[in-house]
Amino acid sequence: LHNWNYENENGFKLKINDLLIKRGEILALMGANGSGKTTLLKTIAGILKCKEGKSEFSSQNDEFSSPVPIGYVFQNADEQIFMNTVLDEISYGLKNYHLDDPDHQLKVKEVLKFFGLEVKENENPHQLSYGEKKRLNLASILALEPAILLLDEIFIGQDIFQATYIMEKLDNLRKNGVTIIVAIHDPILMTKIADRVLFLERG
């Protein structure tokens, strides 16, 4: 990110001169509430538009198209649930992109199993526990195979077993070249998962 500047109608400003994020690393965003963690994630995803700034993506090969595939998991799990079954929820994004072919249907089954949700595939997502909803959010994004994964407080509402489960899955993704940027407030979890930490204060 170069000269990355955002300002909202309330006068909050996010300003990052230069930030290099490496492929296949986990970057933790930390800072007090209101420091700009969610704002940074949303500007990277394009949900919020910067006043100025440039993002560049480069790799040693041309396997990624432009724009770069970015996945974003919101802080509130219920804001990212739309369908009436777990299976339909994971398939939702793929169908929007007309990717309902056999290969992608197999991918849906893979992420169901990856996150331990295969026995829940016919259940209503709103009947899941909060931890299961967060895993479902993550699964539905990963079905789209993003190169960059943005996670906003993915560990909120998770017990230590669920948090450990998610950390193991994220480590697996990192080893496969997915870049992960995660807003996190727990320093203990941060030390277990992050390659680097970016501290934000007043943007």
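The structure we're discussing is the one just above.
Keep in mind that this is a model prediction, so the values were computed, not measured.

Colleague: Outline the sheet that holds strand 2 (residues 13-18), listing residues and values.
Modeller: Strand pairs in the sheet, formed through backbone hydrogen bonds, run parallel or antiparallel to each other. What the three strands build is an open sheet, ordered 2-1-4; its pairing is antiparallel. Of all strands in the sheet, those with a lone pairing partner are strand 2 and strand 4 (52-54), marking the two edges. Ignoring which end each strand starts from, the neighbouring axes of this sheet average 20° apart. Judged from the two bridges that link them, strand 1 (residues 2-7) and strand 4 form a sheet pairing that is antiparallel. The residue of strand 4 that forms the bridge with His2 is Lys54.

Colleague: Any details on the nonpolar core? Residues and values, ideally.
Modeller: Core analysis: the biggest nonpolar cluster contains 35 residues, and Ile90, Leu138, Leu149, Leu151, Phe155 and Leu170 have the highest contact counts within it. Sorting the residues of this core by element identifies strand 3 (26-30), helix 2 (86-96), helix 3 (102-114), helix 4 (130-142), strand 6 (148-152), helix 5 (160-175), strand 7 (179-183) and helix 6 (187-193) as the ones contributing at least two each. Ignoring any residue separated from it by four or fewer positions in sequence, one finds Leu170 in contact with Ile26, Leu138, Leu149, Leu151, Phe155, Ile180 and Ile193. Judged by nonpolar contacts, the second largest core, of 19 residues, contains Ile16, Ile44, Ala147 and Ala183.

Colleague: Mind laying out the packing of helix 4 against helix 5, listing which residues take part and the relevant values?
Modeller: As a packed pair, helix 4 and helix 5 sit with axes 11 Å apart at the nearest point and diverge in direction by 10°. Judged by the inter-axis angle, helix 4 sits roughly parallel to helix 5. Judged by the twist between their axes, the crossing of helix 4 over helix 5 is left-handed. Here helix 4 contributes Gly131, Arg135, Leu138 and Leu142 to the contact with helix 5, which in turn contributes Gln162, Tyr165, Ile166, Leu170 and Leu173. When the residues that make up the contact of helix 4 with helix 5 are grouped by side-chain class, the tally is six nonpolar, two polar and one charged.

Colleague: Hey, could you go over the sheet that holds strand 8 (residues 196-199) for me, with residue numbers and the actual values?
Modeller: In spatial order, the strands read 5-6-7-3-8; together these five strands make up an open sheet with parallel pairing. The open sheet has two edge strands, strand 5 (70-73) and strand 8, and neither has a second partner. Averaged over all pairs of adjacent strands, the angle between strand axes in this sheet comes to 15°, irrespective of strand direction. Sheet analysis places strand 3 next to strand 8, joined by four bridges and oriented parallel. Looking at strand 8, one finds that Ala28 is bridged to Val197.

Colleague: Can you break down the packing of aromatic side chains residue by residue, with the values?
Modeller: With the rule as written, the count across this model stands at three aromatic pairs. Ring plane angle 25° and centroid distance 5.1 Å describe the contact between Phe82 and Tyr92, whose orientation is recorded as stacked. With Phe82 in the loop between strand 5 and helix 2 and Tyr92 in helix 2, the pair connects residues that are 10 residues apart, well separated along the chain. We classify Phe82 as partly exposed; its relative accessible area is 48%.

Colleague: A description of the pattern of salt bridges should follow, citing residues and the corresponding values.
Modeller: Counted according to the given criterion, the structure contains 11 salt bridges. The partner of Glu25 in a salt bridge is Arg196, with the nearest N and O atoms 2.6 Å apart. Remark: Arg196 occurs in strand 8 and Glu25 occurs in the loop between strand 2 and strand 3; sequence separation between them is 171 residues. Judged by relative accessible area, which is 5%, Glu25 ranks as buried. Here Arg196 falls in the partly exposed class, since its relative accessible area comes to 31%. Its salt-bridge partner being Arg174, residue Asp195 comes within 2.5 Å of it at the nearest N-O pair. A residue pair is termed long-range when its members are at least 10 positions apart, and Asp195 in the loop between helix 6 and strand 8 and Arg174 in helix 5 qualify at 21 residues.

About the criteria used
- The residue count restarts for each chain, going from 1 along the sequence in the order it is written.
- It should be noted that, the model being predicted, local features are given only for residues of pLDDT at least 70 and side-chain atom pairs only at 80 or more, the latter also being counted only at that level, while totals for whole chains, interfaces and linings use all residues.
- Values reported for side chains reflect all heavy atoms of the structure, with hydrogen atoms and water molecules removed beforehand.
- Any two strands with at least two DSSP bridges between them are considered paired.
- Each helix is a run of H or I in the DSSP string that is no shorter than four residues. Each strand is a run of E no shorter than two, and both are numbered from the N terminus.
- To obtain each axis, a line is fitted to C-alpha atoms, and for helices this fit is confined to the stretch in contact; angles are then taken between N-to-C directions over 0 to 180 degrees.
- Buried Ala, Val, Leu, Ile, Met, Phe, Trp, Tyr and Cys residues that are joined via side-chain atoms within 4.5 Å together make up what is termed a nonpolar core.
- Under the scheme applied here, a residue whose accessible area is under 20% of the maximum for its type counts as buried, over 50% as exposed, and between as partly exposed, the area being computed with a 1.4 Å probe on protein chains only.
- Should any heavy atoms of two residues lie within 4.5 Å, those residues are counted as being in contact.
- For classification purposes, angles smaller than 35 degrees are called roughly parallel, those larger than 145 roughly antiparallel, those between 65 and 115 roughly perpendicular, and all remaining angles oblique.
- Two helices crossing with the near one rotated counterclockwise from the far one by less than a right angle form a left-handed crossing, whereas a clockwise rotation gives a right-handed crossing.
- Each residue gets one label: Ala, Val, Leu, Ile, Met, Phe, Trp, Tyr, Cys and Pro are nonpolar, Asp, Glu, Lys and Arg are charged, and the others, such as Gly, are polar.
- Working definition: rings of Phe, Tyr and Trp (its six-membered ring) pair if their centres are within 6.5 Å, and the pair is stacked with planes under 30 degrees apart, edge-to-face with planes over 60 apart, and tilted otherwise.
- Should a side-chain nitrogen of Lys or Arg be within 4 Å of a carboxyl oxygen of Asp or Glu, the pair is scored as a salt bridge.

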